[in-house]
Amino acid sequence: MEFVITEYKHCDLMEISGRVDSYTSPKIKEALEALIADGHCKIVLDLQAVTYLSSSGMLTFINALKHCQQGSQGKIVLSNVSPQIFTSLELAGFHTLFEIYDDVVTAVGKF
Amino acid sequence: MTTRSFPANFKSLSTISDFIVTSSEKAGFTPDDVYAIQTAVDEACSNIIDHAYGGENLGEIQIQVTQVKNGIQIILRDEGDPFDPDDVPDPDITSPLEIRKERGLGIFFMRKLMDRVIFEFSNKKGNTLTLIKYKGA
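Structural notes, computed from the coordinates. Here the residue numbering is sequential within each chain, running from 1 through the sequence in written order. Throughout, the order in which chains and ligands are written sets their labels, letters from A for the former and numbers from 1 for the latter. The predicted nature of this model means local features are confined to residues of pLDDT at least 70 and side-chain atom pairs, given and counted, to a pLDDT of 80 or more, with totals for whole chains, interfaces and linings taken over all residues.

1. As for the overall build of chain B
Helix numbers and strand numbers start at the N terminus; a helix is a DSSP run of H or I with at least 4 residues, a strand a run of E with at least 2. Helix and strand counts for chain B come out as three helices and five strands. The order of helices and strands in chain B, counted from the N terminus, is β-α-α-β-β-α-β-β. Taken over the C-alpha atoms alone, chain B extends approximately 40 × 35 × 25 Å along its principal axes.

Here you go:
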């Protein structure tokens, strides 16, 4: 798993690649918590290159979303969610908690 | 039938997934079903490490994959503490974000994605979790 964080004028973009599971999600959690602690609460998570997303990965996103929404107008949106990952999000009931966009440009443009 | 053993740690999850994906593809499952089987086994292994062993590198996970009529049977064995998925209630997947509970999602995935989930425990053999998925079910 790898990720790249790009700071835009109105939001931050985190492009994640590879597997997001119990082994790799703590690294994403750490990076998201650091962003949020720095006051960066408007975040796009791009999942185009994510090959697998486990429940621990989903919960990492959910917890970051909760932190972003506490006491600020922040939010976390998803882009490029594959049909298989969307099915998993749907099964967990998480698909309604995130705004999901087809591509990065649209997602970044929402901030 | 193929049997492999893996150290019970989170780093093994990727290798385990490769093994399960290859086996499921060989059994003729669709890409969506292969992803579902991968998810069920990944969640099962994470639970074994977290709950049966109570931490990483405290034992092994043995995985036996068998092609059965129109499907695949995956048996996971560990020597951790008894862990019965039936003791864990399903999560409330419709609750609002603020009160969303985290526990039980992995088992919920297993139950939803596989056609049969059978848990057994014996003092001699430890935990045995049997997951079965049929094609087109």
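2. Remarks on the sheet that holds strand 2 (residues 60-68) of chain B
Residues and elements named next belong to chain B. What makes two strands pair is DSSP finding at least two bridges between them. Here we have five strands laid out as an open sheet, ordered 1-2-3-5-4, and antiparallel in their pairing. The open sheet has two free edges, formed respectively by strand 1 (2-7) and strand 4 (116-122), since each of these has just one partner strand. For this sheet, the mean angle separating the axes of adjacent strands, direction not counted, is 15°. As defined by bridge partners, strand 1 adjoins strand 2 across six bridges and the pair is classed as antiparallel. When the sheet's bridge partners are listed, Thr3 is paired in strand 2 with Gln64. What counts as an axis is a line fitted to C-alpha atoms, over the stretch in contact for a helix, and the angles between N-to-C directions run from 0 to 180 degrees.

3. Considering the nonpolar core
Counting 65 residues, the largest nonpolar core has Ala40, Val41, Ala44, Cys45 and Ile48 of chain B as its most contacted members. For the purpose of contact definition, each residue receives a C-beta atom placed from its backbone, and two residues are in contact when these atoms lie within 7 Å. Apart from the residues lying within four places of it in its own chain, the contact partners of Ala44 of chain B are Leu76, Met110, Leu129 and Leu131 of chain B. By convention the nonpolar core is taken to be a set of buried residues drawn from Ala, Val, Leu, Ile, Met, Phe, Trp, Tyr and Cys and joined through C-beta atoms within 7 Å. Using C-beta atoms placed from the backbone, we call a residue buried if 20 or more other C-beta atoms fall within 10 Å of its own, exposed if 12 or fewer do, and partly exposed for counts in between.

4. Focus: the interface of chain B and chain A
In this complex, chain B contributes 21 residues to the contact, which on the side of chain A involves 18 residues. Mapped onto the side of chain B that touches chain A, the elements with two or more residues apiece are helix 1 (12-26), helix 2 (31-52) and helix 3 (105-113) of chain B.

5. Observations concerning unusual backbone geometry
For Asn80 of chain A, which is not glycine, the phi torsion reads 55° and is therefore positive. Secondary-structure assignment places Asn80 of chain A in the loop between strand 4 (75-79) and helix 3 (83-91). The phi torsion at Asn70 of chain B lies on the positive side, around 60°, for a residue other than glycine. With respect to the secondary-structure elements, Asn70 of chain B resides in the loop between strand 2 and strand 3 (71-78). Accessibility expressed as a C-beta count within 10 Å gives 12 for Asn70 of chain B, which makes it exposed.

6. Notes on the packing of helix 1 (residues 25-37) of chain A against helix 2 (residues 55-69) of chain A
Residue and element names in this part refer to chain A. At a closest axis distance of 9 Å, the pairing of helix 1 and helix 2 adopts a crossing angle of 10°. Classed by the angle they form, the pair helix 1 and helix 2 counts as roughly parallel. Across from Ser25, Ile28, Lys29, Leu32 and Ile36 in helix 1, the residues of helix 2 making contact are Ser56, Gly57, Thr60, Ala64, His67 and Cys68. Classifying every residue of the contact of helix 1 with helix 2 gives five nonpolar, five polar and one charged. Working definition: roughly parallel below 35 degrees, roughly antiparallel above 145 degrees, roughly perpendicular at 65 to 115 degrees, and oblique for all remaining angles. For this scheme, ten residues count as nonpolar: Ala, Val, Leu, Ile, Met, Phe, Trp, Tyr, Cys and Pro. Four count as charged, namely Asp, Glu, Lys and Arg, and the remainder, Gly too, count as polar.

7. Considerations on the sheet that holds strand 4 of chain A
Residue and element names in this part refer to chain A. One open sheet accounts for five strands, arranged 1-2-3-4-5; its pairing is mixed. Only two strands of the sheet have a single neighbouring strand rather than two, namely strand 1 (2-7) and strand 5 (99-101). Here the average twist between neighbouring strands, direction ignored, is 25°. Of the pairings in the sheet, the one linking strand 4 to strand 5 comprises three bridges and is parallel in character. Paired with Val77 across the two strands is Glu99, which belongs to strand 5.

8. Considerations on helix 1 of chain B
Working rule for helices: expected span equals 1.5 Å times residues minus one. Taking 1.5 Å per residue as the helical rise, helix 1 of chain B with its 15 residues ought to reach 21 Å, and the 21 Å between its terminal C-alpha atoms agrees with that figure. Residues of helix 1 of chain B that are buried sit in contact with strand 3 (42-53) of chain A together with strand 1, helix 2, strand 2 and strand 3 of chain B. One or two positions beyond helix 1 of chain B, positive phi appears at Gly28 of chain B, with a value near 95°.

9. Some points on helix 2 of chain B
Residue and element names in this part refer to chain B. Counted at 1.5 Å a residue, the expected span for helix 2 with its 22 residues is 32 Å, and the 30 Å between its end C-alpha atoms agrees. Extensive coverage of helix 2 is indicated by the burial of 17 of its 22 residues. After helix 2 finishes, the residue Gly54 shows a positive phi value of roughly 70°.

10. Here we look at the pairing of strand 2 of chain B
Residues and elements named next belong to chain B. In terms of strand pairing, strand 2 meets strand 3 through seven bridges, oriented antiparallel. Counted as the bridge partner of Val68 is Gly71 from strand 3. Counting the residues in the hairpin turn of strand 2 and strand 3 gives two residues, including Asn70, whose phi is positive at 60°.

These figures capture arrangement, not role.
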